[in-house]
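What follows is each chain in one-letter form.
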Amino acid sequence: MERKIIITGTSCTGKTTLGKKLSNELSVTQIDLDDLHFLPNWVEKENEQFIREVNEAVDKLNDWIVTGSYQTVLKDTLWQKASVIVWLDYPLHLILPRCFIRTFRRICYKEKCCGENYESLHRMLFKENMFLWILKTYWKRKQRLESWSNGIFAHKKWIILTNLKEERKLYNVL
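Residues numbered from 1 in each chain as written. Predicted model: local features only at pLDDT ≥ 70, side-chain atom pairs only at ≥ 80, totals over all residues. Heavy atoms only, no water.

Undergrad: Where do I start with helix H3 (residues 47-59) in this structure?
TA: Two residues of an α-helix separated by three or four positions point the same way, owing to the 3.6 residues in each turn. Between its first and last C-alpha, H3 extends 18 Å over 13 residues, near the 18 Å set by a 1.5 Å rise per residue. Taken together, the buried positions of H3 are occupied by Phe 50, Val 54, Asn 55, Ala 57 and Val 58. One side of H3 holds all its buried residues, which, seen down the axis, span an arc of 160°. Opposite its buried face, H3 presents the exposed residues Glu 48 and Asp 59, each directed more than 90 degrees away. Tucked inside the fold, the buried residues of H3 contact strand E2 (30-32), helix H2 (33-37), strand E3 (64-67), helix H4 (71-74) and helix H5 (78-81). (Helix = DSSP H or I, 4+ residues; strand = E, 2+ residues; numbered from the N terminus. Expected span 1.5 Å × (residues − 1). Buried < 20%, exposed > 50% of the residue type's maximum accessible area, 1.4 Å probe, protein only. Arc of directions from axis to C-beta. Contact = heavy atoms within 4.5 Å.)

Here you go:
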């Protein structure tokens, strides 16, 4: 069975964490889109370069798990190659506390994220407020994925998780 899996959803749903767990469990390489997208100092790659690097990464592999969003940027490339879409469709009351905890953990413990970058209190509060980003994009992404799952990507296998307990069922279907 071909395992070309995209794990997508709103920011702070746990896409990367779930991808790492599945990667270990299934012995399939995981690629995190945020690591490919960001250069040092939070500089974002140009879309063409990002798309090229994502395609180069997955084209080397028979099976893969890709974690991240970038849905509209990768719709015509990566999404075409995927066989399974795992959508973490969690409610805001779960996502927002996770965002708070994850961000402060990264700040306090100086954990790298998104390539070689680090979160900062200044960035979180003023420059790139993740809470506002989630609120701004949540419904738009939800509508997009609902549309895609019933439309242009209806032929793909969709696994839609609406709570954390459902993650266990992934191991039975992948």
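This is not the end of the story, as more comes after the structure.
Undergrad: Explanation requested: the packing of aromatic side chains in the structure shown.
TA: Geometry of an aromatic ring pair is reported as the spacing of the ring centres plus the angle between the planes. Going through the model one piece at a time under the given rule, you end up with ten aromatic pairs. An angle of 75° between the planes, with centres 5.0 Å apart, marks the rings of Trp 79 and Trp 148 as edge-to-face. Separated by 69 residues along the polypeptide, Trp 79 in helix H5 and Trp 148 in helix H8 (residues 130-150) bring together distant segments of the chain. Neither Trp 79 nor Trp 148 differs from the other in exposure class; each is buried. Where Trp 87 meets Trp 158, the ring centres are 6.4 Å apart and the plane angle is 80°; that geometry is what we call edge-to-face. In this pair, Trp 87 sits in strand E4 (residues 84-88) while Trp 158 sits in strand E7 (residues 157-161), placing the two residues 71 residues apart along the sequence. For the residue pair Trp 87 and Trp 158, the accessibility class agrees, reading buried in each case. (Phe/Tyr/Trp six-rings, centres within 6.5 Å; stacked < 30°, edge-to-face > 60°.)

Undergrad: Would you take a moment to explain the pairing of E3 for this structure?
TA: Two faces, one strand: in a regular strand the side chains alternate between the faces of the sheet. Burial along E3 is two-sided: Trp 64 and Val 66 facing one way and Ile 65 and Thr 67 facing the other are all buried. As defined by bridge partners, strand E1 (residues 4-9) adjoins E3 across four bridges and the pair is classed as parallel. By the bridge assignment for E3, Lys 4 is matched with Trp 64. Pairing between E2 and E3: three bridges, direction parallel. By the bridge assignment, Ile 31 is partnered in E3 with Val 66. (Pairing = 2+ DSSP bridges.)

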